[in-house]
Every structure is written in C-alpha cells, then in structure tokens.
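Remarks on the overall topology
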Amino acid sequence: MGLAKARVSGWEAATGQVVAILDAHIEVHREWAEPLLARIKADRTVVLSPVLDKVLFDTLEVTEYIPSAHAFDWNLWSMYESFRPEWYKLNDPLVPGKSPSVMGILVAERQFLGEIGVLDEGMTIYGGENVELGIRVWLCGGSIEVVPCSKIAHIERAHKPYSPNLGEALSRNALRVAEIWMDEYKSNVNIAWNLPLKDHGIDIGNVTERKQLREKLKYRVAAVQLDRRRNRELQRRERIFNDKVRTIGVDKDALDHQVKERIEKDQSQANERKVYAEELLCSDRVACILDQRQKKDERLLNEAIVQFRQQFQQPASRREFDLNDPELLKKQEGVRILPGLPGEDLTQKDRLRKQQEQLRAWTLQQQDELERAKQELQQEMHQYDQSRLALDNRALELQKMEEQSKKAAAIATKDFNLALAAEITRRCLQEHDEEEENNQTDILNQLNGDLLMENPEQNISVLGPSRLRRDYYKGMSPKELQEYTQYQLQQAEDRKRTLMEQREKELQEHQERMTSARAALLLERQQARINKELRRALDNTNAQLAQAHDAKKKHLQNVYTNIPDERYFSQFNTSSR
C-alpha cells in the first residue's frame with residue numbers, strides 16, 4: 001500500500017478523539033502519552049511528535065537523542081535541526097519546541113487531522129509525506145511541536161525492504177509536494193534533485209484531488225488568520241493597561257508562574273539551610289560531649305599516675321640505670337641511693353662522651369651503607385634505562401621494516417593493477433579495431449562479390465562478362481552457400497577459441513594476483529607475530545625490572561628505618577630515673 005495509504009487506513013479505523021500514528025518497530029517509554037494528551041487538550045490544532053531515541057538493531061542498546069526540531073531541505077527530506085532561539089532562552093526543557101515538520105511518528109486530534117486531509121495517499125513507498133503534512137498543517141492555522149518529556153525508542157532497520165533504488169520514489173514524492181503546495185518555489189526542488197525545470201519526465205500521479213483540497217482549505221486559512229487577528233487585538237488591548245494588576249504589556253500568567261516558582265525555590269533553599277543548621281548544632285553537641293569525655297579521661301589518667309608514683313616510686317626505692325651496663329640493676333641488688341643525693345651521677349660526663357663517640361661511629365657507618373645503596377640503585381636504574389632504550393630502538397627498527405614491507409607490497413600491487421588495467425584496455429582496443437577491420441573487409445567483399453555486384457564492367461573475369469540481368473536476382477549456388485556457411489562456422493569457432501584463451505589468461509592473471517595477495521598477507525601476519533613476541537618479551541623484561549626495583553626498595557625501607565640522631569640518645573641518663 002505504501003506508507004501514506006497504510007497510515008490513512010489506520011486513521012480511518014481509529015475511533016478515539018486522539019490518534020497516534022506509530023511505526024511497528026518502536027517501544028514507548030513510561031508516561032509517554034500524558035504530555036501529548038495535555039497539549040492537545042489545550043490546543044486541538046497542534047500536531048505533536050515525541051522525542052525519538054535510537055535503538056541499535058544488533059545489540060538493542062538505546063542511544064538517547066536530544067530534543068530537536070524536524071526540519072527539511074530543498075530535497076524535501078526531513079532532518080534534525082535546532083529549535084528557534086526563543087526556546088533556548090526559556091531554559092525550560094519541559095516546554096514543547098516548534099518544528100517545521102515531523103519525522104513520521106505523530107499524535108494529533110483525529111477530527112482536526114481529517115479536516116486538513118490526513119496524508120496524501122498518492123505518495124509511493126515512503127518519504128515526502130511528512131514534509132507535505134508539515135506544510136499543510138502550518139498553512140491551515142495549526143502548528144507542529146516536539147514534546148521533550150514524551151519519549152519513544154525507535155529501532156533502526158539494518159536493511160530497508162523496499163525497491164533497490166529509493167531515489168526514484170523520493171524524487172517523485174518531492175516533485176508531487178512541490179507541484180501541489182510550493183507554487184513559484186517548486187523550481188528549487190527540481191534543482192535540488194538535479195532535474196530539468198520543465199519536462200523532467202517523472203510521473204507524479206494525479207494531483208487534482210489534492211489541489212482541490214488546497215482550494216478548499218484556503219477558506220479555512222483565511223478564517224484562521226482573521227481569528228488570530230481578533231485574538232491578537234483582544235490580547236493587545238488587555239495588555240495595554242490593567243488598573244487591577246497594574247501591568248503594562250506583561251503576560252500576567254507567566255509572571256505569576258515565575259513568582260510562584262521563585263517563592264518555592266526560596267522556600268526550598270530556606271528548608272535546606274535549616275536542615276544544615278540543625279545538622280551543625282547536632283555535630284557541635286557531639287563534639288562537646290566527646291571533648292568532655294576526653295578531658296575526664298586525661299584527668300583520671302593523671303590522677304592514676306600520681307597515685308602510682310606516690311605508692312611505688314618513692315625516692316628511696318629508685319635505682320640507677322646505665323645504657324653501657326644493662327646488668328647494673330642485678331649487680332646493685334640491695335643498693336640504695338644515699339639520702340639527700342637523689343639523681344646525682346658522678347660518671348655522667350664520661351658516659352655521655354662514650355655515648356657520643358659510639359653514636360658518631362654508628363652514624364658514619366650508616367651514612368656509608370646508605371651511600372653504597374644509593375649508588376647501587378642508580379646503577380640498576382641506569383642499566384634498566386639502557387635495556388629499555390635498546391628494546392625501544394629494536395621495536396622502532398622492526399616497525400620501520402614492517403612499514404617498508406607494507407609500502408613495497410602496496411606499490412607492487414598498485415603497479416601490477418595499473419599494468420593489468422593498461423593491458424586490458426589495450427587488448428579491448430585492439431579487439432575492437434580488429435573487429436571493425438574484419439567487418440569492413442566483409443562488407444567490401446560482399447559488395448564486390450558476384451552475389452551483389454550488378455555492374456558488368458566491374459564483374460568481367462577471364463570467362464567473359466557476367467550474365468546478370470537488371471531485373472533478376474541470381475542468388476547463391478549450393479556450393480557457394482556451403483562455402484559461406486563453412487566460413488561463418490570457422491569464424492565462430494575462431495571467435496570462441498579466442499574468447500576461451502582470453503578467459504584462461506584472465507583466470508591465470510587472477511590466480512597470480514591472489515597468490516601475491518596471499519603472500520603479502522602471510523608476510524604481514526608473520527611480521528605481526530614477530531612484533532607481538534617482541535612486545536611480550538619487552539613487557540616481561542619490564543615486569544622483571546619493576547619487581548627487582550620494588551624488592552630493592554622494600555629492602556632499603558626495611559633496613560634503613562627511622563635513623564636516630566644525637567637528640568634520640570640525649571634523652572637517656574640525664575637523671576637518676
């Protein structure tokens with residue numbers, strides 16, 4: 001039936017107040033119909049289109065499309081285009097956007113769609129009927145809008161089951177639309193399709209009925225324009241001055257809506273700030289409680305320490321501790337500090353001197369070991385860099401070799417193809433010239449032969465003049481006929497033999513090309529395997545070097561940890577404790 005007739009049949013079968021014309025290969029989103037129905041309830045002359053998301057036919061993955069208008073070019077082919085700047089200034093994605101046309105899927109008030117002529121059933125296959133509908137809707141006082149909050153997923157076909165050449169149907173439908181609706185602008189459509197301005201030779205079908213529909217809709221257009229001028233005048237008078245609301249040229253409904261939105265926004269921000277303040281107060285209370293608990297624990301700990309010292313660390317029971325002699329406590333069993341001399345150490349200076357000397361020697365030893373470790377690490381890093389550089393250079397060389405081999409193979413293939421094309425062209429030209437020469441020779445032989453020659457002077461032979469008569473066609477004798485037939489058969493055999501030889505030669509050349517291509521492919525695969533092995537070896541070497549580096553780093557971290565200085569040892573043996 002074609003797309004237009006099929007959709008008109010669906011419109012005829014529909015019984016509801018609103019009709020939705022959909023494709024079979026779609027899936028609707030949730031709550032897709034409510035925004036469309038609300039918009040049609042507000043204005044019955046609007047034709048709506050949802051936002052069409054793309055579904056891949058092989059993986060069924062959904063690619064979301066942004067809301068866009070459905071425009072068209074001089075080929076009358078629909079395409080996506082941005083909305084008018086006014087729509088973006090509103091900064092409200094829920095507001096419908098005006099569109100010149102529809103992609104195909106549409107929702108409209110059923111009676112209004114019938115009043116303006118539904119779709120042109122003279123369209124074949126598909127294409128152009130949506131642009132024709134858009135032109136007709138706008139001319140008849142309606143409008144087309146794309147509703148962003150209504151979503152439909154549309155599965156693209158992998159192959160369109162139509163005629164192989166869709167250009168003929170598309171150009172025919174476009175010329176039909178131009179002939180009915182575009183008047184002096186229809187020549188632009190011919191130019192877009194690269195067709196003559198007159199006598200393009202394409203049958204666009206009978207357009208009488210659609211032109212009658214246009215004449216009928218002219219009265220509707222005039223009435224709609226007049227009605228719009230009455231409504232604009234009334235709105236203008238209402239907007240001039242209103243002493244009740246004190247507004248001049250302001251859309252009160254839109255202003256009230258903005259005020260309401262601003263109040264709601266301020267209220268929500270105030271609620272958020274209140275919740276945030278309550279959370280801060282709760283956090284402060286928790287912090288105060290934790291601080292009090294910590295202070296209480298510190299106080300109890302200090303009291304316990306003081307109590308322990310008072311009970312178990314009396315001056316009379318304290319003993320000396322010497323870092324140079326850890327067994328000193330065992331040797332001083334029963335020894336007490338003299339009363340009146342707590343904390344006095346007579347050998348403190350010698351002990352401090354010995355400790356400083358030991359610390360200096362130990363520090364020098366640690367510095368030497370650290371310096372040796374740094375040198376070893378630098379040497380390993382240098383070796384690692386050298387190995388990486390060598391592997392990278394080798395990889396670059398192999399890559400250059402691969403590129404050179406590919407380039408050489410490509411040049412050889414190109415030269416072979418050019419030589420083959422030149423040979424085929426030369427052969428074709430030679431065969432054509434030979435055939436032309438043979439044909440001319442045959443024609444001359446036939447004209448100068450006994451069969452067709454009627455001039456007695458040119459037909460004189462050793463046997464005397466020919467016995468031809470002007471009013472008599474002598475024909476061919478059985479012997480001549482047999483010789484002529486044998487000659488034709490021989491020519492056919494020669495031509496057949498030549499054709500077979502040519503085919504064998506072409507087959508041999510094809511086999512040679514296939515052998516060359518197979519050899520190039522094998523060479524490329526071998527080079528890819530070599531590169532893969534080199535890359536694997538490089539990765540293994542890098543992994544081993546990285547493991548060795550990490551192991552060395554961990555070893556150094558385990559050996560050289562928290563190196564002490566003089567301040568560390570100066571805290572010991574400064575008192576009797």
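We now turn to the structure provided with this report. All figures in this text were calculated on a predicted structure; none of them were measured in a lab.

Moving on: the packing of aromatic side chains. Per the stated rule, a full pass over the model turns up four aromatic pairs. Taken together, a centroid distance of 4.7 Å and an interplanar angle of 50 degrees make the contact between Phe83 and Trp87 tilted. Across this residue pair, the class does not change: Phe83 and Trp87 are buried. Centroid distance Trp87 to Tyr88: 5.0 Å. Interplanar angle 90 degrees. Geometry classified as edge-to-face.

Attention now moves to the pattern of salt bridges. Two side chains that carry opposite charge are able to pair once their charged atoms sit near each other. Enumeration over the complete set of coordinates arrives at 26 salt bridges. Between Asp23 and Arg7 there is a salt bridge, with the nearest N and O atoms lying 2.6 Å from each other. One end of the pair, Asp23, is in the loop between strand S1 (18-21) and strand S2 (26-28); the other, Arg7, is in helix H1 (residues 3-13), with 16 residues separating them in the sequence. The salt bridge partner of Arg136 is Glu132, with a shortest N-O separation of 2.7 Å. With Arg136 and Glu132 both in helix H5 (residues 129-139) and four residues apart, the pair spans about one turn of that helix. Each member of the pair, Arg136 as well as Glu132, carries the same accessibility label: buried.

Right, let's get into the side chain of Ser150. Here Ser150 is to be found in strand S9 (residues 143-155). A residue is classified by how much of its surface remains accessible, and Ser150, at 0% relative accessible area, is buried. Here Trp32 takes part through its backbone oxygen, which lies 2.7 Å from a polar atom of the side chain of Ser150. Setting aside residues up to four positions removed in sequence, Ser150 forms contacts with Trp32, Leu36, Pro50 and Val51.

Further remarks concern the side chain of Asp120. If you trace the backbone, Asp120 turns up in the loop between helix H4 (110-115) and H5. Since its relative accessible area comes to 2%, Asp120 is described here as buried. There is a polar contact of 2.7 Å between the side chain of Asp120 and the side chain of Arg176. Once you skip the residues sitting within four places of it in the chain, Asp120 turns out to touch Ala4, Glu132, Arg136, Arg176, Ile180 and Arg210.

Further remarks concern the nonpolar core. In this structure, Leu113 and Leu133 are the most contacted members of the largest nonpolar core, which totals 34 residues. Broken down by secondary-structure element, the contributors of at least two residues to this core are H1, S1, strand S8 (106-109), H4, H5, helix H6 (166-181) and helix H8 (208-240). Residue contributions to this core peak at six residues, all from H6. When near neighbours in sequence (up to four residues on either side) are disregarded, Leu113 contacts Trp11, Val19, Ile21, Leu106, Val118 and Leu133.

Here is what the cut-offs are and how they apply
- Residues numbered from 1 in each chain as written.
- Predicted model: local features only at pLDDT ≥ 70, side-chain atom pairs only at ≥ 80, totals over all residues.
- Heavy atoms only, no water.
- Phe/Tyr/Trp six-rings, centres within 6.5 Å; stacked < 30°, edge-to-face > 60°.
- Buried < 20%, exposed > 50% of the residue type's maximum accessible area, 1.4 Å probe, protein only.
- Salt bridge = Lys/Arg side-chain N within 4 Å of Asp/Glu carboxyl O.
- Helix = DSSP H or I, 4+ residues; strand = E, 2+ residues; numbered from the N terminus.
- Polar contact = N/O pair within 3.5 Å; in protein donor to acceptor, adjacent residues only side chain to side chain.
- Contact = heavy atoms within 4.5 Å.
- Core = buried A, V, L, I, M, F, W, Y, C linked by side-chain atoms within 4.5 Å.

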